[in-house]
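# Summary of structural features
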Amino acid sequence: MWSPDQRHRLALEKKQLHRAMSQFEFFNPTRDTYIEGPVTPTVGSQVFRLRLILTPNYPHEKPSLIVSSPQVLWKRGNLATINSLGASSHEFHTYGKHPSGCVAICFMNGWDASMTMIAIFIRGMLWCEGYAAHLRTGESIAEFINK
């Protein structure tokens with residue numbers, strides 16, 4: 001159950017997110033809340049679904065950002081998956097696998113309660129662009145982001 005302060009924060013963020021990125025929807029707004037929506041990189045036609053999973057202590061605790069679809073993310077050449085990396089990977093900007101089996105995206109090193117869902121989703125979109133570039137060129141997501 002969200003506290004009054006959390007409910008106020010979530011209502012503000014929902015309004016801002018709807019204005020800036022209307023493809024993202026809130027689910028289970030009173031408990032086990034997550035926000036999910038489609039992302040299509042600028043090159044290619046593959047659609048990803050990003051899911052932001054809020055912790056009970058949000059915004060004081062870092063949420064999780066996962067790629068909920070496709071659940072299996074192949075590396076270039078289809079010989080291995082990002083999912084199989086296990087632990088965190090700097091090369092692919094991941095936190096390993098989420099308990100759901102989906103790839104968890106590393107969207108920032110630290111956490112600050114002033115971060116907004118919009119900022120997190122922008123970083124998630126950048127990750128999707130980097131993954132699409134990896135499939136085309138073989139360069140790592142880290143290389144793409146560092147350019």
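Look up: the structure comes first, before these words.
Not measured: the values here are computed from a predicted model. (Residues numbered from 1 in each chain as written. Predicted model: local features only at pLDDT ≥ 70, side-chain atom pairs only at ≥ 80, totals over all residues. Heavy atoms only, no water.)

## Here's the deal with the overall build of the chain
Each helix and strand counted, the chain has 3 helices and 6 strands in total. Sequence-ordered secondary structure for the chain, helices as α and strands as β, is α-β-β-β-β-β-β-α-α. Expressed along its principal axes, the backbone C-alpha trace of the chain runs to roughly 50 × 30 × 25 Å. Sorting the 147 residues of the chain into buried and exposed places 41% on the buried side. Long-range contacts, defined here as pairs at least 24 residues apart, represent 49% of the contacts in the chain between residues at least 6 apart. Summing over all exposed atoms, the chain offers an accessible surface of approximately 8000 Å²; the carbon and sulfur share of this is 54%. Positive and negative side-chain charges in the chain, numbering 15 and 11 respectively, have mean positions lying 3 Å apart. (Helix = DSSP H or I, 4+ residues; strand = E, 2+ residues; numbered from the N terminus. Buried < 20%, exposed > 50% of the residue type's maximum accessible area, 1.4 Å probe, protein only. Contact = heavy atoms within 4.5 Å. Areas by Shrake-Rupley, 256 points an atom, 1.4 Å probe, with all protein chains shown as cover. Lys, Arg positive; Asp, Glu negative; His and termini not counted. Charge placed at Lys NZ, Arg CZ, Asp CG, Glu CD.)

## Things to note about the environment of F121
Inspection of the secondary structure assignment puts F121 in helix α2 (residues 117–137). Sequence separation of F121 and F24 is 97 residues, and the distance between their C-alpha atoms is 9.2 Å. Once residues lying within four places of it in the same chain are set aside, the contact partners of F121 are L17, M21, F24, I35, L50, L52 and L65.

## Things to note about the state of the cysteines
All chains considered together, the criterion is met by 0 disulfides. As a non-bridged cysteine, C102 has C128 as the owner of its nearest cysteine sulfur, 13 Å distant. In this structure C106 is not part of a disulfide, and its nearest cysteine sulfur, from C128, lies 14 Å away. We classify C106 as buried; its relative accessible area is 17%. (Disulfide = S-S within 2.5 Å.)

## Notes on the sheet that holds strand β3 (residues 48–53)
With antiparallel pairing, 6 strands are arranged side by side in an open sheet as β1-β2-β3-β4-β6-β5. Each end of this open sheet is capped by a strand with a single partner; those strands are β1 (25–27) and β5 (94–97). Sheet twist, expressed as the average angle between the axes of neighbouring strands with direction ignored, equals 30 degrees. By the bridge criterion, 5 bridges tie β3 to strand β4 (residues 64–69) in an arrangement that is antiparallel. Pairing of L52 across the sheet is with L65, part of β4. (Pairing = 2+ DSSP bridges. Axes fitted to C-alpha atoms, helices over the stretch in contact; angles between N-to-C directions.)

## Side note on the pairing of β4
Where a strand is regular, its side chains alternate between the two sheet faces. Examined bridge by bridge, β4 and strand β6 (residues 103–105) share 2 bridges and lie antiparallel to one another. Bridge pairing in β6 links V67 to V103.

## Observations concerning the packing of aromatic side chains
Considering all chains together, one arrives at 6 aromatic pairs under this definition. Taken together, a centroid distance of 6.4 Å and an interplanar angle of 40 degrees make the contact between Y58 and W111 tilted. Placement of the pair is Y58 in the loop between β3 and β4 and W111 in the loop between β6 and α2, with a sequence separation of 53 residues. Under the relative-accessibility criterion, W111 is labelled partly exposed at 21%. For the ring pair F107 and W111, a centre distance of 6.4 Å and an interplane angle of 90 degrees mean the geometry is edge-to-face. The buried category is assigned to F107, whose relative accessible area is 6%. (Phe/Tyr/Trp six-rings, centres within 6.5 Å; stacked < 30°, edge-to-face > 60°.)

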